[in-house]
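# Fold and contact review
Chain residues, written in single-letter form:
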Amino acid sequence: MFTAVQERASLNEDKAREFPDVRHVGRVANLPYDLIFRILLLLPAESLLISSSVCKEWFSLINSSDFIEAHAHQSETVFIFLKKASPRLKSFKIEDKLGLLVNYSIFSKSEPLRSYINFVKVQGGRCKVIESNISGFKNILATCNGLILATCEQNGGLLVLNPVTRKLSALPLGTTLPLEQSYGFVFSHLTKQYKVVHLFQDESLHTSCEILSLNTRSWRGVDGPSFGLFTSLVHKPVTAIGALHWLPSSANCSFIVSMGIDDEKFRTLSLPISSTPNDRLVEIGGFLSFVTHVGFRRLDVWMLKGLEGEGWVKQHIITSYRVPDLVPVSALRCGRELIFQVNGAPCFYAYDVEKEEMSMAVMEGEAPGGCQHYLPHVNTLTR
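Attention in this report is confined to the structure presented alongside it. (Residues numbered from 1 in each chain as written. Predicted model: local features only at pLDDT ≥ 70, side-chain atom pairs only at ≥ 80, totals over all residues. Heavy atoms only, no water.)

So, about the overall build of the protein. Within the protein, the secondary structure is distributed over 8 helices and 26 strands. When burial is assessed residue by residue, the protein has 47% of its 383 residues classed as buried. Considering only intrachain contacts with a sequence separation of at least 6, the fraction spanning at least 24 residues in the protein is 51%. With the model as given, the accessible surface of the protein reaches about 19500 Å², and the carbon-plus-sulfur share is 52%. (Helix = DSSP H or I, 4+ residues; strand = E, 2+ residues; numbered from the N terminus. Buried < 20%, exposed > 50% of the residue type's maximum accessible area, 1.4 Å probe, protein only. Contact = heavy atoms within 4.5 Å. Areas by Shrake-Rupley, 256 points an atom, 1.4 Å probe, with all protein chains shown as cover.)

Rendered as structure tokens:
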């Protein structure tokens, strides 16, 4: 049955007209709606784009909000980063979609290197880099439900892109020229809106906040965190338990700063232990976790299940000879596997929570060059 769906998904409408015998496909189309729904959920987002051309019924199903949300929830996490490379054929150039002119020096003999989106897939003890032909980014700021918040390489403007559907939207810039800044990208289940959260500091280290809704496409100021809470905005925020969460300095944090997605109020919460430079906040199974280094051979994983009085609970103790160099990146397989990057190197380790084993993920093919910053991402059809 699943093979039949994949075969049908590989045919476009023009080719389908060339085959008079469609009895096999007809049996697929006449299956109960719920069964087709569940089968299509097994396909990757790229295949679903093709499958949506099978018929009007499949198009409506695949593009329904219920299906898109269900598919996003069961999609596996990959890691996204930018890599400089020579221009590729049939590139999806951000500048072309935004109507920007790209001017190269008349003295250049060839087009300069461009920044392309790349993905890292860690699975079954192996690590593989998947290249895309999407270019034109300067920085990837945040990800949410398959959407990427980034800056344009050409003009520094903000944009949101779904790398699967290639739908692109330019956003107005907020406050510019801050001393330091941090972007969060979240979805409110209460209002069904995507929000961009922008924290920025001035010379006096006063931290302000402004928020943009993708529905209104306009910035509005909100009450920011209290003065003195942030000494650095180096750490990217993590979304979990209905809020954005920051480690407010590069090390020696005794608390976190959180902003509710719906109420947009800032609050602080004490950490179970002060942080070290390689400690990070990570979302694991929908909950907020704090992964901290304890000595040279031990990592503790603390979990927080809510912001309304729930305390931190020590969930795991991890021992490994490579502990000092490991930086937490994300969780996979619904929290059953924790992924770490070796600080300053394109090397990943995976900790199996059930087996309590740490192992190096073997890189297939060419490893990413340099010291990359990886963000968790899921490929979805989110609009």
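This next bit is on the environment of Asn343. Within the secondary structure, Asn343 sits in the loop between strand 22 (337–342) and strand 23 (348–352). Residue Asn343 is classed as partly exposed on the basis of its relative accessible area, which comes to 49%. As for Asn343 and Asp325, which are separated by 18 residues in sequence, their C-alpha atoms are 5.3 Å apart. When near neighbours in sequence (up to four residues on either side) are disregarded, Asn343 contacts Asn278, Asp325 and Val327. Only 3.4 Å separates the side chain of Asn343 from the side chain of Asn278, close enough to count as a polar contact. (Polar contact = N/O pair within 3.5 Å; in protein donor to acceptor, adjacent residues only side chain to side chain.)

Next up on the list: the nonpolar core. Judged by nonpolar contacts, the single largest core of 18 residues is most densely connected at Ile284, Ile318, Leu338, Phe340, Tyr349, Tyr351 and Met358. Only strand 17 (280–284), strand 19 (298–304), strand 21 (326–332), strand 22 and strand 23 provide two or more residues apiece to this core. In this structure, Val78, Leu82, Phe119 and Leu159 belong to the second largest nonpolar core, which totals 16 residues. (Core = buried A, V, L, I, M, F, W, Y, C linked by side-chain atoms within 4.5 Å.)

Of the pockets and cavities examined, the second largest pocket occupies roughly 540 Å³. What lines the second largest pocket is a set of 23 residues, among which Pro44, Ala45, Glu46, Val78 and Asn379 lie closest to the centre. Where the lining of the second largest pocket is concerned, the elements lending two or more residues are helix 5 (45–51), helix 7 (65–74), strand 3 (114–123) and strand 4 (126–135). Looking at the lining of the second largest pocket, the element that brings in the most residues is strand 4, giving 4 residues. Classifying every residue of the lining of the second largest pocket gives 12 nonpolar, 6 polar and 5 charged. (1 Å grid on protein atoms, 1.4 Å probe; cavity = no way out; pocket = protein on both sides within 12 Å on 5 of 7 lines; lining within 4 Å. Points joined across faces, edges and corners; volume = space filled by probe spheres on them. Nonpolar A, V, L, I, M, F, W, Y, C, P; charged D, E, K, R; others polar.)

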